[in-house]
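# Report on the structure
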Amino acid sequence: MSNTFGHLFRLTTFGESHGPAIGGIVDGMPAGIIVDTDFVQQELDRRRPGQSTLTTQRSETDQVEFLSGIFEGRSTGAPIAFLVRNTDHHSQDYEALRPLFRPSHADYTYYNKYGTRDHRGGGRASARTTISRVVGGALAKLVLRQMGVSIHAYTSQVGTIALDPDYRRYDLTLAEQNAMRCPDPVKAAEMEALVKEVKADGDSIGGIITGVISGCPVGLGEPEADKLSAALAHAMLSINAAKGFDYGLGFNGVAMRGSQQNDLWQADGHTATNNSGGIQGGISNGETIYFRVAFKPTPTIMKPQDTIDLEGNPTVMKASGRHDPCVLPRAVPVVEAVAAMVVLDKLLQNTSIKHFFLPINKNS
C-alpha cells in the first residue's frame, strides 16, 4: 500500500476505522515552528463525527496525542508522531456484512487485490483515516501562517442546490457558522433541509466543495510531471469519496473562446481576470488559487441493495450502523488540510524561499 504523501513535507498514515487508533508521522516539518496544539485540535473537531444531526452519530472525541518532534512547544525538525484513539467503534454493527461486498465500497477491490479485507467500517478504506490528513494539514497551516498563505474551503453545492461559482461573492468566514459549512446562510438552510430529507428516506447525496488558496507566491510547481495543479488533483482525488477535480474555470470554461477566457496581464504584474485559477503551465502565478472537488453520495445507505457474497452468489443486503448521509460538511476541513500539505511541500521545494524562516526567538 502507498501510505505516504509529499516529498519534503511528508505524511505517512496508519490505522483502521475499528482499530485501536488512527495516526501518522509528519517528516519535514521545519524546526522552530510554534505548534499550537489547541489549533490542531480545533481542526480535528471540525472533522469530528457527531457534531450535528447531519453527520454520523458515532461519538468520538478525536483527541490528538503528540508523541515526538515537539519540544517546549516548538517543532524540532524531527519526525512528529501522533495518535488519535478510536473509542466508540461498534464493530458488531458490521458482522452481517462480513461475507458481502457492499455496493460502491472498496470491499471487492481490496479483497481481490490483497486477498483479505476488514469488513468493520471499511478498515483502511474508511474515511476515518482522514484524521491523519487533518492533523498533518493543521501542522502545515501553522507554517503557512508565517508565509502569509491562507486556505479556506466551503460547501458550494449539495445535490442541485448550488452557490454562484465566483467565490468572491461570499464572506468565506461565514461557512463555519452553519452545519453545512456553506457561506450563504439561505442556501445553507436549503442544503440542510435536503440532507435531512435524504437521510429520512434512508438514502444519501453528494455535492461539491470549493477551495480557495490566498497569498501563494509565484513559482510553485514544476513543469511537466510535477505541476502544482497535478499535485492538487492527485491529493484531492485521494480523499475518500472524491470523484472529480477542476481548478479555475475548469469544466465551466470549455464552451468559451480563448479571447473570453485568457487572463490579460497588467502593469502591476497581476492579471485582469483569474480564469486560470492562479496556476499557469502548472506553476502558481501569484493570483488566488481556487478549485473544486466533487464528492459522491455516501455509498452506505439504509435501503436494501443487490450485491454478491464472497463466493459470487447474488444476495440482498441492508446496512446498519451509523453513517453520514452527506460527506461534505466533514470533508471541508479535509480538503483544506490536503491543500495545505501540498502548498507547503511545494514551498519547501522552491529554492527561492529556503531562507524564509526567521531565526528562533524564544521570547516571541
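Use the structure listed above.
First, a word on what this report is: a plain description of the structure on this page. (Residues numbered from 1 in each chain as written. Predicted model: local features only at pLDDT ≥ 70, side-chain atom pairs only at ≥ 80, totals over all residues. Heavy atoms only, no water.)

With that out of the way, let us pick up the packing of aromatic side chains. Here the structure, examined in full by the defined rule, presents six aromatic pairs. Relative to Y290, the ring of Y167 lies with its centre 5.3 Å away and its plane at 45°, an arrangement referred to as tilted. Note that Y167 is positioned in the loop between strand 9 (161-162) and helix 4 (185-200) and Y290 in strand 14 (residues 289-295), a separation of 123 residues in sequence. A single burial state applies to Y167 and to Y290, both of which are buried. (Phe/Tyr/Trp six-rings, centres within 6.5 Å; stacked < 30°, edge-to-face > 60°. Helix = DSSP H or I, 4+ residues; strand = E, 2+ residues; numbered from the N terminus. Buried < 20%, exposed > 50% of the residue type's maximum accessible area, 1.4 Å probe, protein only.)

With that settled, consider the sheet that holds strand 1 (residues 4-5). Reading across the sheet, the five strands line up as 1-2-3-7-4 and stay open at both edges, with antiparallel pairing between neighbours. Pairing within the sheet leaves two strands with one partner each, and these edge strands are strand 1 and strand 4 (64-66). Examined bridge by bridge, strand 2 (residues 10-15) and strand 3 (residues 21-27) share six bridges and lie antiparallel to one another. Within the sheet, the bridge partner assigned to G15 lies in strand 3 and is I22. Contacts from helix 1 (residues 37-47) reach strand 4 and strand 7 (80-85), with the element oriented near 145° to strand 4. (Pairing = 2+ DSSP bridges. Contact = heavy atoms within 4.5 Å. Axes fitted to C-alpha atoms, helices over the stretch in contact; angles between N-to-C directions.)

What follows covers unusual backbone geometry. A positive phi angle, close to 50°, is found at D62, a residue other than glycine. By the secondary structure assignment, D62 is in the loop between helix 1 and strand 4. Since its relative accessible area comes to 0%, D62 is described here as buried. Even without a glycine there, the phi angle at S104 is positive, about 65°. Counting through the fold element by element, S104 comes out in the loop between strand 7 and helix 2 (107-114). Take S104: its relative accessible area is 57%, and that puts it in the exposed class.

Before going further, it helps to spend a moment on the sheet that holds strand 8 (residues 150-158). Ordered by their spatial adjacency, five strands build an open sheet running 9-8-10-14-11, and the pairing between neighbours is antiparallel. Strand pairing shows two members of the sheet lacking a second neighbour, strand 9 and strand 11 (242-247), which therefore form its edges. With two bridges connecting them, strand 8 and strand 9 associate as antiparallel partners. Residue pairing in the sheet places V158 in a bridge with I161 of strand 9. Along the sheet, helix 5 (residues 228-237) makes contact with strand 11 and strand 14, crossing strand 11 at roughly 160°.

Looking now at helix 3 (residues 130-146). The end-to-end C-alpha distance of helix 3 is 25 Å, a good match for the 24 Å that 17 residues give at a rise of 1.5 Å each. Judged by how many residues are buried, helix 3 sits mostly within the fold: 15 of 17 residues are covered. Count one or two residues on from helix 3 and you reach G148, which has phi positive near 75°. (Expected span 1.5 Å × (residues − 1).)

Among the nonpolar cores identified, the biggest contains 80 residues, and V158, I213, L232, M236, F291 and F295 are the most heavily contacted of them. Among all residues touching F291, those that are not within four sequence positions of it are I209, T210, G211, V212, I213, M236, F245, D246, Y247, V335 and A339. Listed in part, the five residues of the second largest apolar core include Y94, L97, L100 and M317. (Core = buried A, V, L, I, M, F, W, Y, C linked by side-chain atoms within 4.5 Å.)

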